[in-house]
Amino acid sequence: MLRHLSIYLMALAFALSACKKNEETPPGQFAHGVFIVNEGNYTDADGSIGFYDPEDGMVVQDAYEKANGEPVSGLFQSIYFNEDMAYIIDQLGSKIVVVKAETFEYVATIDEGLSTPRYMTVANGKGYVSNWGPFDENFDLPNSYIAVVDLSNFNVINTIITDKGVEGMTTVGDKVYAAASYSNVVHVISPQADEITGGFTTPGGPLQFAEDGTGKLWVLCNDFVTSSLARLNLSNELVETSFSIAGGAKSITTNAAGTKIYYMCTPWQTPDGVYSIDNTATFAPLVPVLSGDGLYGLGVDSDEIIYIAKSNGTDNGTIIRYTLDGTEMDNFAAGRFPNGFVFRE
Amino acid sequence: MSRKTTHLIFTFGLLAVFIFVHITLFAQENTTQLDEVEITANQLTRFGVGAYITELDSGLFENYGRQSLSDVIAYGSSVYIKQYGSGQLATVSFRGTGAGHTSLQWNGLPVGYPFLGQADLSLVPMEFIDQVCLMHGSSSARYGSGAVGGVVDLSNEEPPEGFGILVDQSVGSFSTSNSFVQLHQAGPKGYIRVGSIYNRSENDFKVRSSNGESLGRQANANYFLTGGLLEAGYNLGSTSSLTLSFQNTDANRNLQSSIGAPTSNNQKDRNMWSSLHFKHQMAKGEFNLTYGHLFDRINYNSSVTDSHQNIAQATLLYDVSGWLEMELGINSNWIRVVTPNYESNEARETRTDMFASATIRPTKRVEASINLRQSVATGYSVPFTPSLGISYLLHRKENWKFMLRGQVSKGYRVPTLNDRFWVPGGNPDLNPEESVSTELGINIDKGQGFWTNITTYQMWVDNWILWQDQGAFWSPDNVLKVEGKGVELEIGYRQNAGRWQTKYWLNYAYTKSTNIEPRYAYDRTVGKQLPYVPFHNGNANIQLAFKNWNLLLNGQFTGKRFITTDNVTEVSGYALLNLRVSKQLSWDHWAMNAYGNINNATNTNYQTISNRAMPGINFLLGINISFNK
C-alpha cells in the first residue's frame, strides 16, 4: 500500500514539476506590469520594488527578493528602466542596484562616485544620476552633482557640478534636463560634452518633469509652502507659462497621449489632492480629481487609470486605483512609503 | 584630552576617594554590626502580592566575565530583547509592549532617558550590579510611569565584611577586551566600594546575508564602554544608616548600519547616576529618604542632548500589626532637558507622585496587596492608578507548596519630552498612555529542588503614542489601542548528588499583542501582531558544578517576528547555543577564577532586527583574581 502511494506521489511530483517547467518560459515574470517604488523606512532601510500585474491582480511585494532569494536593503528613491536593465536607486546606501529588467535577477552594484543619488535618465548611451551630496550644517545641499555612468561596465566616469539639490532628470531629444530643487534652476546638459549648456529659471524649486504630447516639458516646483507649474519651451529655452498650484507639490505625470497633465499636491493641514489639466492650461483648477490623506505617489497608465500610492506612516502603504473621474476601483497593499510607479506594458 | 587619559584620571579619582573614606571610616574598628541588608526581592514582593516576579539567577552573570544587562535578561528570562545589532541599542519588551513600556529602576530610582522614555540596556554594565529582578505586568501603582509591560529592578548589595580587591580581565573575538577592577572595605561602621570598567571592541565580525553568503566584515560598529562605581554606607548609630551610590558609564559607539546600506553615525552616551539614601529603623517600621541626581547625555553625530533629573523621595513603612503592613510615600522629579531639538533649546517638567500601599494577611492562606498612586505633572494630567493582587495558598504538604495568585492593575506612561517639545511636530496636548492588566498564575514549589511558575494574562493599552506623518513633518498622537494576551512559564529543577550539582531551568513566553482599532482608511493592521513581538520566546539552561568546575549551557529560542504592522514581511526565528565554563581555585584569602565563553556555538546566522547583522560563533577568555580578608 505504502509503496503504491509513494510511486503515485512520485508520478504526481513529476507531473507537477513538468507543468511548472512549461509555465516558466521567457519573457521573465516581471516583463509586463506596474512597478511600485517603496522607499522604505529610514531606520530600517527596508525599501523594495513591488510589482503588480493588472491582468490578474497579482502583487509581488518585493520583486528583488522574489528573484534573488533575499532582499536588498536601502531607501529607494526611484527606479529607472533602460533597455534590458533596471536601476534601483538607493539614496541611503548611496548605491544603484542593477537588475535584469524582466526577471529582476541581480547584475551589479554601482557604489563608487555616488552621494545620496535620487533619479536617473539615459542619453547618448550613458546614465545620468542626480546626486544631492551631503547636507551642510544649515541643511543645505551645496555639493550636488550629476554622476555620469558608463552602462557597459557600470562605472561612474564623469561628474557634472550642478546647482543645489539636483532632483528630477529627464531626456528629451539629444539633451538632458536636470531639476536643481534647492535652487530655482533647471539645467540643460549636453550628453556629448557632459557639460551644462544652458538653463531655465523656474518660479520655485523644480522637482519633477513631465513631457507633454507637443514636446513641451512641464516642471513641478515646490517652495515648501507654495507650489507652481511651469511649461518649458525646449527649442528657445524659455519658460512659456507658469502658474501657482496648491501647496506641497509632490508628483507629476501625463496621460499616454500627453494631452493631459496630472499632478499631486499635499498641502499642510488640508487634504491632499490629484489635479488634472490640459496641456494648454494657463491656470490651476480649483477642484481635484480625487483627494485623500497621506498621498505619496502618483501614476497614470495607458488606459488612464490613476494609481495612488498612499503612505500610512511607518505602517505599510496602500495602492488605490481610480478611474479618471476619481471613482475608486480597487486597492491593494504596498511596502512602506510607496512614492511612485513605472508602467511597463 | 584623550578618552584613555580621562578614564585614568577618573579611575585614580575614585581610588583617592576610596583611600580617604577608608582612612576616616576604618581607622578604628569597634562594636556593633550593620543590619543585614534586606534582599531587594522582598521590597518588590512586599507590596507586589499576586504579581509574577523573578530574580535572575546570579549564576548567569557571575563567574563568566563581562555582560550587559540585555544579555543577562535574554539568558535568564522569557522577556524579549530587541537589539539593533551587536553591542548596539537594546530595549526590552515585556508582554508584547514597546521599548518605553518598561520601567528600569536603579537603587529605587527610575532611570533611562526622560526625553526618549526608554533606556538602553546594552549600556548597563553587569559588573556594577548585584541583583536583577523582573516584575512582569503593569505595576505603575508601585513604580509610576512606564511600568506598563513590566519593571527591571537593579540593586546593589552591601559587600562582605573586610577588605577585598578584584581584578578581571578578558579578551575575545573581534578585538574585544574587558577590564574590571573593584575594591571594597566593609566594617561595623560602614562600607565602601569602588570599581572601574574599561571595555572595548572592534566588533568587526563577519557579516552574512540572510542566505548565508559572506559579505565581509562589519564596518563602523566598534565601541568603547568605560565606567566607574562608588558606593559607601555609613551607620549612624544602631538604627540609622546613610548610603551613597554613584555610577557613571561613558559609551562611544559607531552605530551599526543595515546590511548593504552603510552609514557612518556615531553616538556617545553618558549616564551619571547618583543616589543618597537615609534609612531610619523604628520599632514598628522604617523611614526612608532618598535624593537622586541623574545626568544623561546622548551625543549623536555631535548633536548633544542632556537631561538633568533631581529626584527626592520619602517613604514611611509601618507594620501596623502582624497581618497589616502599610507604606506611604511621596516622590518628586524635576526634569530639565537641554537640546537643540526644542524651542529655546530647553524643556522642563515636574512630576510629583503620592502613593500608598498595604499588604494584608487575613488568614494563613490568603495574602493581598493594594497599591494606589496619583501623579501630578506639569503639562498633562495623569490618571489615578490602583492595583490589587491576591495570593491563596491552595495546598502545602511536606515540601510541596501550591499557590494561586492573581492581579488586576492599571499602568500608565507619560508622554516623553521629545513627544511634547520636539521641533517640528512635538505635541504638547498629548495624554499619558494607559493600561489595564489582569493576570492569574500558579506557583508550584518543592523546597529548593523544584519550582514552576505559570502565568496567563490579558492586558489593554489605550492612547498608545505614535508619531504620524503630517505631510510637512511628523507629529505624535494618542492613537493606538492594543490588546495583549499570553502565557509565561518557568520551570526549574535542582539536584545535588555528592560533589555533582546540577540545575535545569527553562523560561518560555507565548505572546499575542494586536492592534485592535483602525486608525486610517485602508488600515490593514487591525488584528495583526505588533511588529517585533515574537509569538514564541524562551530559553533552556543546564548548569553543572563539579568540585571547582562550573559549566553553563544556555539555549535561546526566538520565533519569527513581523517587520511591518500589516504582518506582510517577517524576520525568521532562530535558536542560539551558548557555552560557558569556569574553574575556580582558592588559597588563603585569594581566589582565582578562569573562564571561557563560546557564544553562538552553532554559528547560527540570525537577525534580531531585520537587516542588522549579528555575530556568528565568538569566544571570550578571561581570568578573575580576588583577595578578601
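Conventions we followed
Residues numbered from 1 in each chain as written. Chains lettered and ligands numbered in written order. Predicted model: local features only at pLDDT ≥ 70, side-chain atom pairs only at ≥ 80, totals over all residues. Heavy atoms only, no water. Helix = DSSP H or I, 4+ residues; strand = E, 2+ residues; numbered from the N terminus. Rg over C-alpha atoms; globule rule 2.2 N^0.38 Å. Buried < 20%, exposed > 50% of the residue type's maximum accessible area, 1.4 Å probe, protein only. Contact = heavy atoms within 4.5 Å. Salt bridge = Lys/Arg side-chain N within 4 Å of Asp/Glu carboxyl O. Phe/Tyr/Trp six-rings, centres within 6.5 Å; stacked < 30°, edge-to-face > 60°. Lys NZ or Arg CZ within 6 Å of the ring centre and 35° of its normal. Buried area = accessible area lost by both parts, 1.4 Å probe. Polar contact = N/O pair within 3.5 Å; in protein donor to acceptor, adjacent residues only side chain to side chain. Nonpolar A, V, L, I, M, F, W, Y, C, P; charged D, E, K, R; others polar. Pairing = 2+ DSSP bridges. Axes fitted to C-alpha atoms, helices over the stretch in contact; angles between N-to-C directions. pLDDT = per-residue confidence, 0-100. Core = buried A, V, L, I, M, F, W, Y, C linked by side-chain atoms within 4.5 Å. 1 Å grid on protein atoms, 1.4 Å probe; cavity = no way out; pocket = protein on both sides within 12 Å on 5 of 7 lines; lining within 4 Å. Points joined across faces, edges and corners; volume = space filled by probe spheres on them.

Draft legend 1. A look at the overall build of chain B. Secondary structure summary: chain B contains 5 helices and 34 strands in total. Computed over C-alpha atoms, the radius of gyration of chain B comes to 24 Å, within 12% of the 25 Å expected from 2.2 N^0.38 for 629 residues, which places it in the range of a compact globule. Based on the C-alpha atoms only, the size of chain B along its principal axes is roughly 75 × 60 × 55 Å. Within the span of chain B, comprising 629 residues, buried residues form 55% of the whole. Across chain B, every contact between residues at least 6 apart in sequence was considered, and the portion connecting residues at least 24 apart equals 63%.

Draft legend 2. Summary view of the pattern of salt bridges. By the definition in use, this model includes 34 salt bridges over all chains. We note a salt bridge from lysine 260 of chain A to glutamate 304 of chain A, for which the minimum N-O separation is 3.1 Å. Placement of the pair is lysine 260 of chain A in strand E21 (residues 260-265) and glutamate 304 of chain A in the loop between strand E24 (295-300) and strand E25 (306-312), with a sequence separation of 44 residues. For glutamate 304 of chain A, a relative accessible area of 17% translates into the label buried. Shared partners join several salt bridges into a network, and the residues in it are Arg46, Glu325, Arg361 and Glu367 of chain B.

Draft legend 3. Region of the structure containing unusual backbone geometry. Residue and element names in this part refer to chain B. Looking along the chain, the bond that leaves valine 423 and enters proline 424 is cis, with omega of 0 degrees. Mapping proline 424 onto the fold places it in the loop between helix H5 (417-421) and strand E24 (433-446). With a phi close to 70 degrees, serine 302 is a non-glycine residue in the positive phi region.

Draft legend 4. Local environment of the packing of aromatic side chains. On inspection of all chains with the given rule, the structure shows 32 aromatic pairs over all chains. Taken together, a centroid distance of 5.0 Å and an interplanar angle of 70 degrees make the contact between tyrosine 307 of chain A and phenylalanine 343 of chain A edge-to-face. Taken together, the residues span a long stretch of sequence, with tyrosine 307 of chain A in strand E25 and phenylalanine 343 of chain A in strand E28 (residues 338-344) at a distance of 36 residues. Using a relative accessible area of 24% as the deciding quantity, one classes phenylalanine 343 of chain A as partly exposed. Where tyrosine 574 of chain B meets tyrosine 606 of chain B, the ring centres are 4.6 Å apart and the plane angle is 40 degrees; that geometry is what we call tilted. In this pair, tyrosine 574 of chain B sits in strand E32 (residues 574-587) while tyrosine 606 of chain B sits in the loop between strand E33 (590-599) and strand E34 (618-628), placing the two residues 32 residues apart along the sequence. The exposure class assigned to tyrosine 606 of chain B is buried, which follows from its relative accessible area of 11%. Taking NZ or CZ as reference, lysine 503 of chain B lies 4.4 Å from the ring centre of tryptophan 505 of chain B, over its face.

Draft legend 5. Structural context of the interface of chain B and chain A. Each side of the interface is counted separately: chain B has 28 residues, and chain A has 33 residues. Summed over both partners, the interface of chain B with chain A buries about 2,200 Å², with 46% contributed by carbon and sulfur atoms. Linking arginine 519 of chain B and aspartate 315 of chain A is a salt bridge whose minimum nitrogen-to-oxygen distance equals 2.5 Å. At the junction of chain B with chain A, the criterion picks out 12 residue pairs in polar contact (both at pLDDT 80 or more). The residue makeup of the side of chain B that touches chain A, split by class, is 11 nonpolar, 11 polar and 6 charged.

Draft legend 6. Structural view of the sheet that holds strand E4 (residues 76-82) of chain A. Residue and element names in this part refer to chain A. With respect to topology, 4 strands assemble into an open sheet ordered E4-E5-E6-E7, the strand pairing being antiparallel. In this open sheet, the two strands that pair with only one neighbour each are E4 and strand E7 (106-110). Averaged over neighbouring strand pairs, the angle between their axes works out to 20 degrees when direction is ignored. Here 6 bridges tie E4 to strand E5 (residues 85-90), and the two strands are oriented antiparallel to one another. Each bridged residue has a counterpart across the sheet, and for asparagine 82 the counterpart in E5 is methionine 85.

Draft legend 7. Molecular detail of the confidence of the model for chain B. Put simply, chain B has an average pLDDT of 90, and 93% of its residues get 70 or more. Taken as a whole, residues 27-41 of chain B scores under 50 in pLDDT and shows 27 contacts with residues more than four places along the chain or in a different chain.

Draft legend 8. The arrangement of the nonpolar core in detail. Counting 33 residues, the largest nonpolar core has Leu69, Ile73, Leu104, Val132, Leu134, Val152 and Leu154 of chain B as its most contacted members. Among the secondary structure elements, those contributing two or more residues to this core are helix H3 (69-76), strand E3 (90-93), strand E4 (102-106), strand E5 (109-111), strand E6 (131-136) and strand E7 (150-155) of chain B. Among the elements that line this core, the one with the most residues is H3 of chain B, at 5 residues. Aside from chain neighbours lying at most four places away, what touches leucine 69 of chain B is Leu104, Leu121, Val124, Met126, Val132, Val152 and Leu154 of chain B. Phe51, Ala63, Phe76 and Ile79 of chain A belong to the second largest nonpolar core, which has 18 residues in total.

Draft legend 9. Layout of the side chain of serine 48 of chain A. Inspection of the secondary structure puts serine 48 of chain A in strand E2 (residues 48-53). Apart from the residues within four sequence positions on either side, serine 48 of chain A is in contact with Ile36, Val37, Asn38, Gln61, Asp62 and Phe76 of chain A.

Draft legend 10. Spatial organisation of the pairing of strand E6 (residues 95-100) of chain A. All names here are of chain A. Counting buried positions over the 6 residues of E6 gives 5, a clear majority of the element. Taken together, the 6 bridges between E5 and E6 define a ladder with antiparallel strand orientation. Looking across to E6, one finds that alanine 86 is bridged to valine 99. Connecting the antiparallel pair E5 and E6 is a turn made up of 4 residues, with serine 94 showing a positive phi of about 45 degrees. Looking at chain direction, E6 and E7 are connected through 4 bridges and run antiparallel. Each bridged residue has a counterpart across the sheet, and for isoleucine 96 the counterpart in E7 is isoleucine 110. What sits between E6 and E7 in their antiparallel hairpin is a turn of 5 residues, with phenylalanine 104 showing a positive phi close to 65 degrees.

Draft legend 11. Representation of empty space enclosed by the protein. Residues and elements named next belong to chain B. Scanning the entire structure with this criterion turns up 4 cavities of 30 Å³ or more. Reported here for the largest cavity is a volume of approximately 940 Å³. Residues belonging to the lining of the largest cavity are distributed by class as follows: 19 nonpolar, 25 polar and 4 charged. Of the voids in this model, the second largest cavity is the one considered here, and its volume is about 110 Å³. Lining the second largest cavity we find 15 residues, and of these Ser78, Ser93, Arg95, Ala509 and Thr511 sit closest to its centre. Of the residues assigned to the lining of the second largest cavity, the class counts are 7 nonpolar, 6 polar and 2 charged.

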